[in-house]
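Per-entry structural report
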Amino acid sequence: MSLFLGNIGGILLSLPIAILLARLLGPSDFGVLSLLLSLRDIFCVVTSLGLGRAALYFLARGREEKGYFSSLFFMRLLFGLIGALIFFSASTFFEEYYGIDRFALYAKIMSVDVVLSGLFSFFLYSFNGLSEFKRSAVMNVFYNFLRISSVVFVLLNMGVLGAIGGYLLSSFVTLILSTYFLSDLLVFLVDRLKVREIMNYSISAYFIDVSHTVANLVPLTILGLFGSVIVGYFSAAWKVASVISLFLGAMNAVGVQRISSKKSSKERKKVARKLTKYVVYLSSFFAFMMIPFSSQVINIVFSESFAPASLPLIFLSASFFLKSLSAGAACYLLGTGKPKPVTKSLLISALLAVLLSTVLIPSEPLLGISLVFLVVSCVYSLMLSFTVKFISYKNLLLRSLLSGIVTAVVVKLIVQILPTVPSVILGGFSGLFVFLTMLFLLNGLEEEDIELFSDLFEAVRKYFHLT
């Protein structure tokens, strides 16, 4: 619940900031910023060496594993500095590749964030590994809150440079705070034996991160060849569709941590089944609430100048829903120290994404990249479902599809009948009611689930000191 609230807070802050930046910068400059952030994320992951996932795994095994933290930290810092240097050196190549004025200057400044953002991500993994979920959530919210400085700098007529400066500021401040909170674990020593054990786990995890990044970001870098405006459209759709994965990130982090800490195979499988069920249900609800209203959502959120983003929003919503089917399987394999099947699935997905991008994007950029993500998400989920067979994927898919379709039809009728503002309010609440009712009728909810929901509501009430 802490990570969920942290993700909610992060989305509630980051999405309006992205909307403001998109409106202030326009599709072209917003596309330039999105390209820079994509390249930064690629370099962060390429130089991460899987050390973030290793931190979560080793710290989740027990309090005595804290001795690994210093070795993990200094390794991550070293590779982050190497990544920043390469990013800085490649800035001129980026400008020639995309043909965007001043892109080299932007890339040189953004190279600093390869270190800052990479270390901050590593610290979030560490907080989760230590079960400090509240602190992880707070730092995530604070990081997104500080990004409002990007909007301020853009309003001061600093353009893309101002937006980049805001990202650097948020990364730097949250990194300093995270270092302070974890300072008791930080010893200026690198243990060779621990480094060897860390590398045995992190190398497999590293290919997971790299493959995932290639599958998600390389298509966008290819799309950049067809103009920053098109990148701006797709990035706008991605920002909205990412709301569907709101629960996915939080529950994945908790899932890996909990499965890693369980000793019994039965308990591990139970966590994986529950995780898959909740992620699929939540993802399907948001996806089917968004798909029928894609054009309206884009027009309201980003303005009519981003109207072409409605098509990729439909495909991305379906992609996030399909990908949610693999949540429990991936957490189970990572939590039991068996990352190779996940690595294999992601590697094939990444290669497929690159291949499809080179074929589909040149012919029809927006439709092509949308199809790439839909096909890759489907293939990835299918591969993991064949690897972890104790989860009932068929029943989950059928129940979520039926519930989602009925919900979408009911909400669509409400929106057609009522005026705009009442329909938005009533449509949202009625949609949730219809969705949960359908799941109950289809035997998708058990007594244990209802008890869990009751516990979660009570936790939220206590969290906000409403007792």
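Residues numbered from 1 in each chain as written. Predicted model: local features only at pLDDT ≥ 70, side-chain atom pairs only at ≥ 80, totals over all residues. Heavy atoms only, no water.

1. Concerning helix H12 (residues 294-302)
For H12, every residue scored as buried is listed here: Ser294, Ile298, Val301 and Phe302. Angular distribution of buried residues about the axis of H12 spans 80°; they occupy a single face of the element. Downstream of H12 by one or two residues, Ser303 has phi in the positive range, about 90°. (Buried < 20%, exposed > 50% of the residue type's maximum accessible area, 1.4 Å probe, protein only. Helix = DSSP H or I, 4+ residues; strand = E, 2+ residues; numbered from the N terminus. Arc of directions from axis to C-beta.)

2. Looking at unusual backbone geometry
The residue Arg102 is not glycine, and still its phi comes out positive at about 65°. Inspection of the secondary structure puts Arg102 in the loop between helix H4 (91-98) and helix H5 (103-129). The phi dihedral of Asn443 falls on the positive side, at around 60°, and the residue is not glycine. Along the chain, Asn443 turns up in the loop between helix H18 (420-441) and helix H19 (447-463). Classification of Asn443 by relative accessible area gives exposed; the value is 57%.

3. What to know about the packing of H12 against helix H13 (residues 310-324)
Between H12 and H13, the shortest axis-to-axis distance is 8 Å and the interhelical angle comes to 120°. In this view, H12 runs oblique relative to H13, as classed from their interaxial angle. The way H12 lies across H13 gives a crossing that is right-handed. Along its contact with H12, which presents Ser294, Ser295, Val297 and Ile298, the element H13 presents Ser310, Leu313 and Ile314. (Axes fitted to C-alpha atoms, helices over the stretch in contact; angles between N-to-C directions. Parallel < 35°, antiparallel > 145°, perpendicular 65-115°, else oblique. Left-handed = near helix turned anticlockwise from the far one by under 90°. Contact = heavy atoms within 4.5 Å.)

4. Concerning the nonpolar core
Within the largest apolar cluster, 96 residues are counted, with the highest numbers of intra-cluster contacts made by Leu21, Leu36, Phe103 and Phe302. Among the elements that take part in this core, helix H1 (residues 2-46) stands out by supplying 16 residues, more than any other. Residues in contact with Phe103, not counting those within four places in the same chain, are Val32, Leu35, Leu36, Leu39, Phe94, Glu95 and Tyr98. Formed by 31 residues, the second largest nonpolar core is a distinct cluster that contains Leu275, Ala330, Val342 and Ile391. (Core = buried A, V, L, I, M, F, W, Y, C linked by side-chain atoms within 4.5 Å.)

5. Examining the packing of helix H3 (residues 69-89) against H4
Their axes nearest at 4 Å, the elements H3 and H4 cross at an angle of 50°. Classified by the interaxial angle, the pair formed by H3 and H4 is oblique. Of H4, the residues touching H3 (which contributes Phe87, Phe88 and Ser89) are Ser91, Thr92 and Phe94. Looking at the contact of H3 with H4, its residues break down into three nonpolar, three polar and no charged. (Nonpolar A, V, L, I, M, F, W, Y, C, P; charged D, E, K, R; others polar.)

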